[in-house]
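Summary of structural features
These are the residues of each chain, in order.
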Amino acid sequence: MIDLSKITTKEKALFLAYDQGLEHGPSDFDDENVDPNYILDIGVKGEFSAIIFQKGIAEKYYTGSSFVSKIPLILKLNGKTNLISGEPYSPQLCSVEEALLLGASAVGYTIYVGSEHEAQMFSEFSKIEEEAHSQDLPVMAWMYPRGKSVEQKSVEEITAYAARIGLELGADIVKLHYPGSPESMKQVVEAAGLTKVVVSGGKKETEEEFIQTAKEVMEAGAAGMAVGRNIWQHQNPLELTKKLKEIIFT
Ligand code: FBP
């Protein structure tokens, strides 16, 4: 089994995601959080298990900086904008080799489960998984069911299916959206088997809702959370991080 100690020293994990600039554009940002250094500062002070960047941000703000020794990097290897409609496909933009050169301790890849382009993403992911594991690098898969063929499926069922696919494809960690209830969350964790499950933040209406989801996620046996906007758009990110860490790590 791949050693996850590079990205988390504990059994549980809290990751800080900051690839939204590519996925959503600057509309997610304000004057402070538009600066990757602001996010790195939260990551270090909040003692996050790792920070998630695309290669451009990693190269300009992380690699070769003092942050390298302070917080591990998960390099996201694929991505897409929200400008294109139709069946989603997220192409590979960075190789495992480049991720290693940039100082990554793990790599990440999004698969849109059920998309017409699922086969292409499976194929890219499989090559990445093979190469990353041959270098003892953990692989995290964003397993997001999307596209016409999953629209009619129940969220509970399709999220558990997505988790299982992550296990089948060799992901060490799957990152999924909360399936909606504690029971369905348990089924997701069960379906993932020995692959660890972390839940994405999504943009919650209130802090209370976010904290309640975190509690349900952890009670269901998940390994933790991989969150972005809920933290770095918050007026006091470190205070919220503290609350989250109490739920995840105690
Ligand atoms: P948030 O915690 O901000 O929701 O980020 C989680 C995440 O998976 C990011 O890593 C990614 O950029 C984004 O959501 C993708 O969002 P979507 O595809 O749902 O628009």
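First, a word on what this report is: a plain description of the structure on this page.

Moving on, we get to the overall build of the protein chain. From N to C terminus, the protein chain includes ten helices and eight strands. In summary, the protein chain has a C-alpha radius of gyration of 17 Å against a globular reference of 18 Å for 250 residues, a match within 12%. When its C-alpha atoms are laid out on the principal axes, the protein chain stretches across 45 × 40 × 40 Å. When burial is assessed residue by residue, the protein chain has 54% of its 250 residues classed as buried.

With 13 residues, helix α10 (residues 237-249) should reach 18 Å at 1.5 Å per residue; the first-to-last C-alpha distance of 18 Å fits that figure. Listing the buried residues of α10 in full gives P237, L240, T241, L244, K245, I247 and I248. Along α10, the residues classed as buried sweep out an arc of 160° about the axis, all on the same side. If you follow the buried residues of α10, they end up packed against β1 (13-17), α2 (36-45), α8 (207-219), β8 (224-227) and α9 (229-232).

Glancing now at the environment of V189. Within the element layout of this structure, V189 appears in helix α7 (residues 182-192). Here the alpha-carbon distance between V189 and N33, two residues 156 residues apart in the chain, equals 32 Å. When neighbours within four sequence positions are excluded, V189 is seen to be in contact with V197, A220, G221 and A222.

Okay, the packing of α2 against helix α3 (residues 55-62) next. It is at 10 Å that the axes of α2 and α3 come closest, and there the two elements cross at 80°. Comparing the axis directions of α2 and α3 gives the class roughly perpendicular. Contacts from P36, N37 and L40 of α2 reach α3 at I57, Y61 and Y62. Along the lines of polarity and charge, the residues of the contact of α2 with α3 split into five nonpolar, one polar and no charged.

In this section: the packing of helix α6 (residues 155-169) against α7. In contact at an axis separation of 7 Å, α6 and α7 are set at 20° when each is read in the N-to-C sense. The orientation of α6 with respect to α7, classified from their angle, is roughly parallel. Remark: the crossing between α6 and α7 carries right-handed chirality. Contacts between α6 and α7 pair E156, T159, A160, A163, R164 and L167 from the former with S184, Q187, V188, E190, A191 and A192 from the latter. Of the residues assigned to the contact of α6 with α7, the class counts are six nonpolar, three polar and three charged.

Attention shifts here to the side chain of N230. Relative to the helices and strands, N230 is located in helix α9. When its relative accessible area of 7% is taken as the criterion, N230 is described as buried. Looking at N230, its side chain comes within polar contact range of the main-chain oxygen of G202, at 2.4 Å. Setting aside chain neighbours within four positions, we find N230 in contact with G201, G202, K203, K204, F210 and L240.

Close to the ligand lie 14 residues, the nearest being D19, H24, Y144, K175 and R229. One nitrogen or oxygen atom from the side chain of D19 is found 2.7 Å from an oxygen atom belonging to the ligand. Surface burial for the ligand is 90%, taken as the share of its 480 Å² of free accessible area covered by protein chains. Its residues placed into classes, the shell around the ligand shows four nonpolar, five polar and five charged.

One pass over the full model with this rule turns up ten salt bridges. The residue K76 makes a salt bridge to D19 at a minimum N-O spacing of 3.8 Å. Residue K76 is found in strand β3 (residues 73-76), and its partner D19 is found in the loop between β1 and α1 (20-23); the two are separated by 57 residues along the sequence. Through salt bridges with shared partners, one network takes in E87, E116 and K148.

Here strand β2 (residues 50-53) shows no split at all, with A50 and I52 on one side and I51 and F53 on the other all buried. The pairing of β1 with β2 spans three bridges and is parallel. Looking across to β2, one finds that L16 is bridged to I51. With three bridges joining them, β2 and β3 adopt parallel strand pairing. Along β3, the bridge assignment pairs I51 with L73. On the question of chirality, the crossover connecting β2 to the parallel β3 by way of α3 is right-handed.

Cut-offs and rules
Residues numbered from 1 in each chain as written. Predicted model: local features only at pLDDT ≥ 70, side-chain atom pairs only at ≥ 80, totals over all residues. Heavy atoms only, no water. Helix = DSSP H or I, 4+ residues; strand = E, 2+ residues; numbered from the N terminus. Rg over C-alpha atoms; globule rule 2.2 N^0.38 Å. Buried < 20%, exposed > 50% of the residue type's maximum accessible area, 1.4 Å probe, protein only. Expected span 1.5 Å × (residues − 1). Arc of directions from axis to C-beta. Contact = heavy atoms within 4.5 Å. Axes fitted to C-alpha atoms, helices over the stretch in contact; angles between N-to-C directions. Parallel < 35°, antiparallel > 145°, perpendicular 65-115°, else oblique. Nonpolar A, V, L, I, M, F, W, Y, C, P; charged D, E, K, R; others polar. Left-handed = near helix turned anticlockwise from the far one by under 90°. Polar contact = N/O pair within 3.5 Å; in protein donor to acceptor, adjacent residues only side chain to side chain. Near = heavy atom within 4 Å. Areas by Shrake-Rupley, 256 points an atom, 1.4 Å probe, with all protein chains shown as cover. Salt bridge = Lys/Arg side-chain N within 4 Å of Asp/Glu carboxyl O. Pairing = 2+ DSSP bridges. Right-handed = clockwise from strand over helix to strand, strands pointing away.

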